[in-house]
Amino acid sequence: MKACGKGITTVFFLFLCCAGTAQIHELGVFLGGSNFIGDVGKTNYINPNELALGGIYKWNKSSRYSYRAMLSYTKLHADDTDSGDQAREARGYAFSNKILEASLGIEFNFWEFDLHSLHRPFTPYIYAGVAGLNYRMWYLEQSTEQLRPQKRRTTLAFPFGLGVKGEVLPNLILGAEVIVRYSLANDIDGSYPEKEPEAGDYRVFGSYNTNDWYVFSGITLTYTFGKRPCNYCYD
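Residues numbered from 1 in each chain as written. Predicted model: local features only at pLDDT ≥ 70, side-chain atom pairs only at ≥ 80, totals over all residues. Heavy atoms only, no water.

Draft legend 1. Representation of the side chain of Glu101. Within the secondary structure, Glu101 is located in strand S4 (residues 94-109). Polar contacts involving the side chain of Glu101 include one to the side chain of Tyr214, which spans 2.6 Å. Excluding residues within four positions of it along the chain, Glu101 makes contact with Met70, Leu71, Ser72, Ala131, Gly132, Arg181 and Tyr214. (Helix = DSSP H or I, 4+ residues; strand = E, 2+ residues; numbered from the N terminus. Polar contact = N/O pair within 3.5 Å; in protein donor to acceptor, adjacent residues only side chain to side chain. Contact = heavy atoms within 4.5 Å.)

Draft legend 2. How the structure looks around the packing of aromatic side chains. Applying the stated criterion to the full structure yields 12 aromatic pairs. Plain terms: the ring middles of Phe36 and Phe95 are 5.1 Å apart, the flat faces sit at 85° to each other, and that makes the pair edge-to-face. Taken together, the positions of Phe36 in strand S1 (residues 24-37) and Phe95 in strand S4 put the pair 59 residues apart, joining distant regions of the chain. As far as the burial class goes, Phe36 and Phe95 line up, both buried. The ring of Tyr127 has Arg68 lying over it, and the distance from NZ or CZ to the ring centre is 4.5 Å. Positioned above the aromatic ring of Tyr125, the side-chain terminus of Lys165 is 5.1 Å from the ring centre. (Phe/Tyr/Trp six-rings, centres within 6.5 Å; stacked < 30°, edge-to-face > 60°. Buried < 20%, exposed > 50% of the residue type's maximum accessible area, 1.4 Å probe, protein only. Lys NZ or Arg CZ within 6 Å of the ring centre and 35° of its normal.)

Draft legend 3. Representation of the pattern of salt bridges within the structure. With the rule as written, the count across this model stands at 10 salt bridges. Close ionic contact of Glu107 with Arg68 constitutes a salt bridge, the shortest N to O distance being 2.7 Å. You can see Glu107 sitting in strand S4 and its partner Arg68 sitting in strand S3 (residues 65-79), a full 39 residues away along the chain. Exposure class is identical for Glu107 and Arg68. Each is buried. Close ionic contact of Glu101 with Arg181 constitutes a salt bridge, the shortest N to O distance being 2.9 Å. Pair noted here: Glu101 is in strand S4 and Arg181 is in strand S7 (residues 172-183), with a separation of 80 residues, a long-range link. What emerges from the salt-bridge pattern is a single network uniting Lys58, Arg68, Glu107, Lys165 and Glu177. (Salt bridge = Lys/Arg side-chain N within 4 Å of Asp/Glu carboxyl O.)

Draft legend 4. Local environment of unusual backbone geometry. Here the phi dihedral of Glu145 falls at roughly 55°; this positive angle occurs in a residue that is not glycine. Relative to the helices and strands, Glu145 is located in the loop between strand S5 (122-141) and strand S6 (146-169). Using a relative accessible area of 30% as the deciding quantity, one classes Glu145 as partly exposed. Of note in the backbone geometry, Asn171 takes a positive phi value of approximately 75° without being a glycine. Here Asn171 is to be found in the loop between S6 and S7.

Draft legend 5. Focus on a nonpolar patch on the surface. The grouping of Val29, Leu31, Leu51, Leu53, Leu71, Tyr73, Leu100, Val168, Leu169, Leu174, Ile219 and Leu221 at the surface amounts to a nonpolar patch, some 1000 Å² of accessible area in total. For Leu174, a relative accessible area of 37% translates into the label partly exposed. (Patch = residues over 30% accessible without salt bridge, like charges linked within 9 Å, V, L, I, M, F, W, Y side chains within 5 Å. Areas by Shrake-Rupley, 256 points an atom, 1.4 Å probe, with all protein chains shown as cover.)

Draft legend 6. Representation of the nonpolar core within the structure. If you look at the biggest cluster of nonpolar residues, it comprises 24 residues, and the most contacted ones within it are Val40, Phe95, Leu133, Tyr135, Leu147 and Ile188. Mapped by element, the contributors of at least two residues to this core are S1, strand S2 (50-60), S3, S4, S5, S6 and strand S9 (213-225). Ranked by residues supplied to this core, first place goes to S5 with 6 residues. (Core = buried A, V, L, I, M, F, W, Y, C linked by side-chain atoms within 4.5 Å.)

Draft legend 7. Looking closely at the confidence of the model for the protein chain. Model confidence for the protein chain is summarised by a mean pLDDT of 88, while 86% of its residues fall at 70 or above. The model gives residues 7-22 a pLDDT under 50, and that stretch makes 18 contacts with residues more than four places away or in other chains. Segment residues 229-235: pLDDT under 50, and 24 contacts once partners within four positions in sequence are set aside and those in other chains are kept. (pLDDT = per-residue confidence, 0-100.)

Draft legend 8. How the structure looks around the layout of surface pockets. Space inside the largest pocket adds up to approximately 170 Å³. Contributing to the lining of the largest pocket are Met137, Tyr139, Gln150, Lys151, Arg152, Arg153, Lys195, Glu196, Pro197, Glu198 and Ala199. Those elements that provide at least two residues to the lining of the largest pocket are S5 and S6. Sorting elements by how many residues they give to the lining of the largest pocket places S6 first, with 4 residues. (1 Å grid on protein atoms, 1.4 Å probe; cavity = no way out; pocket = protein on both sides within 12 Å on 5 of 7 lines; lining within 4 Å. Points joined across faces, edges and corners; volume = space filled by probe spheres on them.)

Written out as structure tokens, the structure is:
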């Protein structure tokens, strides 16, 4: 009975240790650029042309993966005259769309990323998640051949990409990443309006089968905090 009691006490102690101290947190910022991929403007996958910024929170569940929440803001801008495509240049469409995004996802580290080791950890990582995207709907006014804004709406987007991060100073993690967003919208650029404009004077253009994409490229800087986990709990 005494041995059993000691065993239960040991298991209970380890549970408290894991629950109370195994979570290592990061809080910081993202700073970089954004670019749009759709039916207006350039078709380059990575070509930042507007400022993008955001706030990041990470929960390092283990040395191999982290849960991540992010609130981001940017203005997506595209202009056919910059596209380098003769057909688009002749068409001459352009738009700017302010984007607010809230996302949740997971980072998977290629190597062990132990924030409590004596050496400074460093690793590449992949990221995938889901986001709520608030943007202004656009449409093409047929009579003037100009893109016009409508009301704002919210839809889903699915971010995924690659990055690299490392500890540059005690408790400071510097990273660089390129995260692509596939949205469920096809009217960020006005090509296929989600809702028919009130004026009714519009037409569609571009590809109906391809939704709008956008990309964030930049750096992250986060501050780590949290107690040192027990040896049995931190993978």
